[in-house]
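# An overview of the molecular structure
Spelled out, the chains give:
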Amino acid sequence: MSQSEELERQLSELLTEGEIRENEAQKRERLSPKYEVRVQTHIDPIVEETRKYRSMARELDDRYDEYMSKADKSKPSDQR
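Residues numbered from 1 in each chain as written. Predicted model: local features only at pLDDT ≥ 70, side-chain atom pairs only at ≥ 80, totals over all residues. Heavy atoms only, no water.

Another aspect to go through is the pattern of salt bridges. Counted by the stated rule, this structure contains six salt bridges. Where R51 meets E48, a salt bridge forms, and the shortest distance between an N and an O atom there is 3.4 Å. Separated by three residues within a single helix, R51 and E48 lie in helix α2 (residues 45-56), roughly one turn from each other. The exposure class of R51 is partly exposed, given its relative accessible area of 32%. Residue classification places E48 among the partly exposed positions, given a relative accessible area of 31%. Where salt bridges share partners, they join R54, E59 and D65 into one cluster. (Salt bridge = Lys/Arg side-chain N within 4 Å of Asp/Glu carboxyl O. Helix = DSSP H or I, 4+ residues; strand = E, 2+ residues; numbered from the N terminus. Buried < 20%, exposed > 50% of the residue type's maximum accessible area, 1.4 Å probe, protein only.)

Another point: the side chain of T50. Within the secondary structure, T50 sits in helix α2. Setting aside residues no more than four positions away along its own chain, T50 makes contact with Y64 and M68. (Contact = heavy atoms within 4.5 Å.)

Attention shifts here to the layout of surface pockets. Roughly 170 Å³ of internal volume is contained in the second largest pocket. Lining the second largest pocket are I46, E49, T50, Y53, R54, A57, R58, E59 and Y64. Taken together, the residues of the lining of the second largest pocket break down into four nonpolar, one polar and four charged. (1 Å grid on protein atoms, 1.4 Å probe; cavity = no way out; pocket = protein on both sides within 12 Å on 5 of 7 lines; lining within 4 Å. Points joined across faces, edges and corners; volume = space filled by probe spheres on them. Nonpolar A, V, L, I, M, F, W, Y, C, P; charged D, E, K, R; others polar.)

Any functional reading would require information beyond the geometric quantities listed.
Structural data, given as C-alpha cells:
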C-alpha cells in the first residue's frame, strides 16, 4: 500500500470514528436517566440459584463457597 493510500485510510478511519463517537454521545445524552432506581430484595437471587444447582449436582471447583458463606452470615434474622 502506498503512503497516500495509507494516509487516506487513516483519515477515513478518523472521520468515521469521530462520527460514531458524536452519535454515541448524543444517544447517551438522550438515554441517560434523570433518576436512579434501586430495589432492595429480601433474598439474593445468586444464593437461591446456587442452592438449586447444588441440590441437583456437585460443583467441581467450589467457586461460590466463599460467597455462600458470606450470604449465610448476612441472612436476615427475620426469615419466615
